[in-house]
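# Remarks on the overall topology
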Amino acid sequence: MYSDKVMDHFKHPRNVGEIENADGVGEVGNPVCGDIMNIYLKIENNVITDAKFKTFGCGAAIASSSMATELVRGKTLEEAWEVSNKAVAEALEGLPPIKMHCSVLAEEGIHKAINAYRKKQGLPLWEEKNPHSHDEDGEGATCQH
Amino acid sequence: MSMGEKRTVYMDHSATTYVRKDVLDAMIPYFTEHFGNPSSIYHLAGDSKKAIDTARAQAAKALGAEPDEVYFTSCGSESDNWAIKGIAYANGKKGNHIITTKIEHHAVIHTCEYLAKEGFEITYLPVDKYGLVDPTELERAITDKTILITIMYANNEIGTIEPIAELGAIARKHRIPFHTDAVQAIGNVPIDVKAQNIDLLSLSAHKFYGPKGVGVLYIRKGTKIDNLIHGGGQERRRRAGTENIAGIVGLGKAIELATADIEGHNKRIRALRDRLLSGIMAKIPHAYLNGHPEKRLPGNINISFEFIEGESMLLWLDDEGICASTGSACTSGSLEPSHVLLATGLPVEISHGSLRLTLGDANTDADVDFVLEELPKVVSRLREMSPLYKGKKEGGCNVQ
């Protein structure tokens, strides 16, 4: 059911763990829905120098976390903000429709972590797309919890 | 097993079983030699007809029924659909109330939901934390409009065996037809439809080492029921469609073998299961057994592991060659976890972390050892990356 890329990132997840004294942390998801993602960012001079994650969830959730942290490493905050759930899913060579919400969770996690950093810095927050929801352009299912 | 060849440990026998060699051998001539349509009059047809009669007698004997109370169908789901819709439509004038439970297979639950849209009233009985139905709850739910009670014999997910004889006696007392989905029970529990007051019973051959695509509905003589499949006059004008002769022969042989020595079979499977279960419990903390500790199918283990999700467990187990299943939402095509686990009162987040291992005849002590070696590694690997596991680490010291 999963692409080789998803299985690769599931079986060999990149960037697992926490960053001590992270500059931005994004916690998204809900155990009731079956997935929780914590994204940790290290940020220097507006550039993400390190990204790590911890995830409770299915294969797609773990692979999406792994890929999202890979995609944002080395990027400026502006560039990282533009890493969409679709970009995560495409980099994984596709996700089953029912699993698209996992890539949405990854995007939200990155956004939340960036905004947590901006808040700490006293910068204005950027507008998050779908705060507090798992919705994903009408594809697949949505967890209402 | 040669060097480098991947080992497969199949522990999903509640999903389906392989076909036993002696069952397959019995079936093969009915594909190639004795292929005649039993409805025809030449001698080839006679061979097919005789084979079906033999299988019918084998199934009847296994259930304590009469041969003319056994009807062959295409699967367990068809048997459930026929029993429920057939009774509902035949007795619509008498009433419109059906009693079932919250833990039935989807073949029963979705059929009841369909009938609810047609104007039938459905009561879904609750279960206790072990998945057991309380007979007094059943009796309390009965009204003068109740036309059918349908309660599964044994649950497919958590393995809980219901007090069927007691539930059947209550149905009998109130003169209400009693159906049981016994798909998981055949070969694991001694069944006697007369002694256990069962009026209708569904079973499916591929759960007890027979072929897929063939099942039975037992219908007690005198039960008022409509047909589901209309057409030719097969199965004494009750179920149309040319008989799946080879499949029916396989079902007959498989049920005969599966019920020949239930206690002996259970003793062996239960010993393997119990060793696996106690090994898992000893090796993995924060694990909870779902279902009843004793009143459960001999090969069934259903455990929830806290802080992790079931699908990722299955993917890793599959990587090691272990075939298992889960009640997590993430494999079901919806985002709701197992309705059975939720009905037992298990919190949603813990339901996501459930693992079902169902042992069968081909499993060995070496299989149990292999799972006991691999499963703890899988669980701890996933816990290490779970944000819920923080601060829950046991034993070891956390000094940096």
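Please read these numbers as outputs of a predicted model, since none were measured by experiment.

### Section: the overall build of chain B
Counting its regular elements, chain B contains 14 helices and 12 strands. Computed over its C-alpha atoms, the radius of gyration of chain B comes to 22 Å, within 12% of the 21 Å expected for a compact globule of 400 residues. If you line up chain B on its principal axes, its C-alpha atoms span 85 × 55 × 35 Å. Counting all 400 residues of chain B, 57% fall into the buried class. The long-range share in chain B, meaning contacts at least 24 apart out of those at least 6 apart in sequence, stands at 73%. The distance from the centre of the 45 positive side-chain charges to the centre of the 51 negative ones in chain B is 3 Å.

### Notes on the sheet that holds strand β3 (residues 47-56) of chain A
All names here are of chain A. The strand order β1-β2-β3 describes an open sheet built from three strands, whose pairing is antiparallel. A single partner strand is all that each edge strand has here, and the edge strands are β1 (24-30) and β3. For this sheet, the mean inter-axis angle between neighbouring strands, taken without regard to orientation, is 15 degrees. Examined bridge by bridge, β1 and strand β2 (residues 35-44) share seven bridges and lie antiparallel to one another. In the sheet register, Val28 faces β2, and the bridge partner there is Met37. Packing against the sheet, helix α5 (residues 100-120) makes contact with β1 and β2, and its axis sits at approximately 145 degrees to β1.

### Some points on the interface of chain B and chain A
The interface of chain B with chain A comprises 23 residues on the first partner and 30 residues on the second. For the pair chain B and chain A, the two sides together bury roughly 2100 Å², of which 68% comes from carbon and sulfur. Viewed at the interface, chain A and chain B are joined by two salt bridges. Here B:Glu311 ties to A:Lys99 by a salt bridge, and the two come within 2.9 Å at their closest N and O atoms.

### Regarding the packing of aromatic side chains
Residues and elements named next belong to chain B. Scanning the model with the defined rule gives six aromatic pairs over all chains in all. Pairing Tyr89 with Phe120 gives two aromatic rings, centres 6.1 Å apart and planes at 70 degrees, and the pair type is edge-to-face. Residue Tyr89 is found in helix α4 (residues 76-90), and its partner Phe120 is found in the loop between α5 (106-117) and β4 (121-125); the two are separated by 31 residues along the sequence. Judged by relative accessible area, which is 39%, Tyr89 ranks as partly exposed. Taking the ring centre of Tyr114 as reference, the NZ or CZ of Lys85 above it sits at 5.1 Å. If you follow Arg381 out to its NZ or CZ, it ends over the ring of Trp316, 4.1 Å from the centre.

### Quick notes on the domain arrangement of chain B
Residue and element names in this part refer to chain B. Structurally, chain B comprises domain 1 (9-16 + 261-393) and domain 2 (21-258). The centre of domain 1, based on its C-alpha atoms, is set 29 Å off from the matching centre of domain 2. Domain 1 puts 26 residues into the contact, and the matching count from domain 2 is 30 residues. Interface area, domain 1 with domain 2, both sides summed: about 2300 Å², of which 54% is carbon and sulfur. Counting the surface domain 1 buries against domain 2, the share from its top three residues, Ile262, Leu297 and His339, is 25%. The tally of links between domain 1 and domain 2 comes to zero salt bridges. Taken together, the links from domain 1 to domain 2 amount to 17 residue pairs in polar contact (both at pLDDT 80 or more). The leading source of residues in the side of domain 1 that touches domain 2 is helix α12 (residues 339-343), at four residues.

### Remarks on the packing of helix α2 (residues 59-72) of chain A against α5(A)
Residue and element names in this part refer to chain A. One can describe the packing of α2 onto α5 by two numbers: an axis separation of 8 Å at closest approach and a directional angle of 40 degrees. In terms of axis orientation, α2 runs oblique to α5. Once α2 is placed against α5, the crossing between them reads as right-handed. Counting all contacts with α2, which are made through Ala60, Ala61, Ser64, Ala68 and Val72, the residues of α5 involved are Cys102, Ser103, Ala106 and Ile110. A per-class count over the contact of α2 with α5 returns seven nonpolar, two polar and no charged.

### A closer look at the pattern of salt bridges
All names here are of chain B. Applying the stated criterion to the full structure yields 25 salt bridges over all chains. Close ionic contact of Asp22 with Arg20 constitutes a salt bridge, the shortest N to O distance being 3.8 Å. Connected through shared salt-bridge partners, Arg20, Asp22 and Asp361 make up one network.

### So, the confidence of the model for chain A
Mean pLDDT over chain A works out to 90, with 89% of the residues at or above the 70 mark. Predicted confidence for residues 131-141 of chain A stays below pLDDT 50, and this span has 25 contacts to residues more than four positions away or in other chains.

### Notes on the pairing of strand β6 (residues 178-181) of chain B
Alternating residues of β6(B) divide into B:Phe178 and B:Thr180 and B:His179 and B:Asp181, and every residue in both groups is buried. Where the polypeptide runs from strand β5 (residues 146-150) of chain B across helix α7 (residues 164-173) of chain B and back to β6(B), its parallel neighbour, the crossover connection is right-handed.

Definitions and limits used
- Residues numbered from 1 in each chain as written.
- Chains lettered and ligands numbered in written order.
- Predicted model: local features only at pLDDT ≥ 70, side-chain atom pairs only at ≥ 80, totals over all residues.
- Heavy atoms only, no water.
- Helix = DSSP H or I, 4+ residues; strand = E, 2+ residues; numbered from the N terminus.
- Rg over C-alpha atoms; globule rule 2.2 N^0.38 Å.
- Buried < 20%, exposed > 50% of the residue type's maximum accessible area, 1.4 Å probe, protein only.
- Contact = heavy atoms within 4.5 Å.
- Lys, Arg positive; Asp, Glu negative; His and termini not counted.
- Charge placed at Lys NZ, Arg CZ, Asp CG, Glu CD.
- Pairing = 2+ DSSP bridges.
- Axes fitted to C-alpha atoms, helices over the stretch in contact; angles between N-to-C directions.
- Buried area = accessible area lost by both parts, 1.4 Å probe.
- Salt bridge = Lys/Arg side-chain N within 4 Å of Asp/Glu carboxyl O.
- Phe/Tyr/Trp six-rings, centres within 6.5 Å; stacked < 30°, edge-to-face > 60°.
- Lys NZ or Arg CZ within 6 Å of the ring centre and 35° of its normal.
- Domains from an automatic or database assignment.
- Polar contact = N/O pair within 3.5 Å; in protein donor to acceptor, adjacent residues only side chain to side chain.
- Parallel < 35°, antiparallel > 145°, perpendicular 65-115°, else oblique.
- Left-handed = near helix turned anticlockwise from the far one by under 90°.
- Nonpolar A, V, L, I, M, F, W, Y, C, P; charged D, E, K, R; others polar.
- pLDDT = per-residue confidence, 0-100.
- Right-handed = clockwise from strand over helix to strand, strands pointing away.

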